[in-house]
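# Examination of the molecular architecture
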Amino acid sequence: MRDLRISVTDRCNFRCKYCMPFDEYTWMAKKEVLTFAEIERLARVFSSLGVSQLRLTGGEPLVRRELHSLVAALSTVPGIEDISLTTNGALLGEQAQDLLAAGLRRINVSIDTLRPERFREITQRGDLQTVLDGLFAAQRAGMRPIKINAVVIRGFNEDEILDLVTFGRTHGFEIRFIEYMDVGNANGWTLDKTYTKREMLELIHARFPLREIGRAGNSAPAVDYEFLDGGGRVGIIGSVTEPFCSSCTRTRLTADGKLVTCLFAETGFDVKTLMRQGATDADLTEAIGKIWVGRSDRFSDIRWEHLQSGTEYRPESHKKIEMITLGG
Ligand code: SAM
Ligand code: SF4
């Protein structure tokens, strides 16, 4: 266990069709959501178990009020070497300075398309220009590195892969292309909509020759590539067609305090109740450590084995926790 992804809220100001296609949703009650003090305490426990990297996510993390004060608190946790954030960028313009001052350097901003109408279509609520303004505000403020997450959906935006690469090379952002995955239960995922890592690589390499660098720390979800002309890097996350379960060191904490050991899990372990019932740090450490040691998740491996062998794989028969709840 090296990386902890903390979902700070299940709420979101977008409704991306591949993630959160519901108009209305039963949101977590406020009292169920971990307080910043509880998150900080848990971060200390996780750190004592080997976690050195934290990523704040959601839902949309920037809709959680005063998020910068959580960043500041987490920056003091011994053993945490790296804090990062994944955001849709809509509120980044107004928060970048505070987040930077609190100690945040590394961010990922999700932008799947550079066409305003398409952006509105996929996010159902987002405004591309506002997100781009936030992205450049973060860059001007001095955040580095800034990566752009782009989910590629066949028939929707694969025709923009090279435009996104060019945008990244021009402005100094590393693009992270992500294979479209069957997260949650409502996005209607089918394999044919996944534009594969291999296809992305061939397309990019033909225009901007690349060299593979590998996975950061040998366990990162993205495989990194470097442009041969020195124009920067791109990363590709191929969790559908090149699953990496065997090297996964990530665990997740939902906004209501459930420990979830896989992005495709059906349930989590309720750490919050244990904590609110008076568990000591030693109790929490023991409980969390046991869960991690006992985990046997390899969902993406299994899905790929089914898909390759022609054995039927039916996403709807596997009830996963929604992405906005468990934190992407
Ligand atoms: N709201 C923030 C955002 O959009 O960046 C953080 C949470 S979001 C769940 C985290 C990442 O998961 C985003 O980059 C998003 O594009 C990605 N994501 C969501 N649904 C996905 C799917 N079905 N397949 C691949 N990536 C997905
Ligand atoms: Fe919200 Fe992010 Fe999911 Fe889009 S991908 S609906 S911005 S949580």
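This text follows the structure it describes.
Presented here is a report on the structure given in the accompanying data block. (Residues numbered from 1 in each chain as written. Chains lettered and ligands numbered in written order. Predicted model: local features only at pLDDT ≥ 70, side-chain atom pairs only at ≥ 80, totals over all residues.)

Moving on to the site of ligand 2. The environment of ligand 2 is made up of 13 residues, and the closest members are Cys12, Cys16, Cys19, Met20 and Asn88. Residue composition of the shell around ligand 2, by class: seven nonpolar, four polar and two charged. (Near = placed C-beta within 6 Å. Nonpolar A, V, L, I, M, F, W, Y, C, P; charged D, E, K, R; others polar.)

Quick look at the environment of threonine 87 now. Mapping threonine 87 onto the fold places it in strand S3 (residues 82-87). The spatial distance from the C-alpha of threonine 87 to the C-alpha of isoleucine 111 is 9.7 Å, given a sequence separation of 24 residues. In contact with threonine 87, not counting residues within four places along its chain, are Glu60, Pro61, Leu62, Leu92, Ile107 and Val109. (Helix = DSSP H or I, 4+ residues; strand = E, 2+ residues; numbered from the N terminus. Contact = placed C-beta atoms within 7 Å.)

Moving on, we come to helix H4 (residues 116-123). Every buried residue of H4 is listed here: Phe119, Ile122 and Thr123. All buried residues of H4 project into a common sector of 90 degrees when viewed along the axis, lining one side. (Buried ≥ 20, exposed ≤ 12 C-beta atoms within 10 Å, placed from the backbone. Arc of directions from axis to C-beta.)

Right, let's get into the packing of helix H6 (residues 161-171) against helix H7 (residues 197-207). Following both chains from N to C, one finds H6 and H7 inclined at 55 degrees, their axes separated by 10 Å at the closest point. Between H6 and H7, the crossing angle belongs to the class labelled oblique. For the pair H6 and H7, the sense of crossing is right-handed. Judged by residue contacts, Ile161, Leu162 and Val165 of H6 engage Met200, Leu203, Ile204 and Arg207 from H7. Its residues placed into classes, the contact of H6 with H7 shows six nonpolar, no polar and one charged. (Axes fitted to C-alpha atoms, helices over the stretch in contact; angles between N-to-C directions. Parallel < 35°, antiparallel > 145°, perpendicular 65-115°, else oblique. Left-handed = near helix turned anticlockwise from the far one by under 90°.)

Attention shifts here to the sheet that holds strand S4 (residues 106-110). Taken together, the 12 strands give an open sheet; going across it, the order is S7-S8-S9-S6-S5-S4-S3-S2-S1-S10-S11-S12, and neighbouring strands pair in mixed fashion. Two strands close off the open sheet at either side, each with one partner strand: strand S7 (210-215) and strand S12 (269-270). Pairing of S7 with strand S8 (residues 222-227) involves five bridges; the strand directions are antiparallel. Bridging across to S8, arginine 211 finds its partner in glutamate 226. (Pairing = 2+ DSSP bridges.)

The amide bond that connects arginine 144 to the next residue, proline 145, takes the cis arrangement and shows omega of -10 degrees. Of note, proline 145 is situated in the loop between helix H5 (128-141) and strand S5 (146-152). The backbone of glutamate 66 shows a phi angle near 60 degrees, a positive value even though the residue is not glycine. Along the polypeptide, glutamate 66 turns up in the loop between strand S2 (53-57) and helix H2 (67-74). You can call glutamate 66 exposed: it has 12 C-beta atoms within 10 Å. A positive phi angle, close to 65 degrees, is found at glutamine 124, a residue other than glycine.

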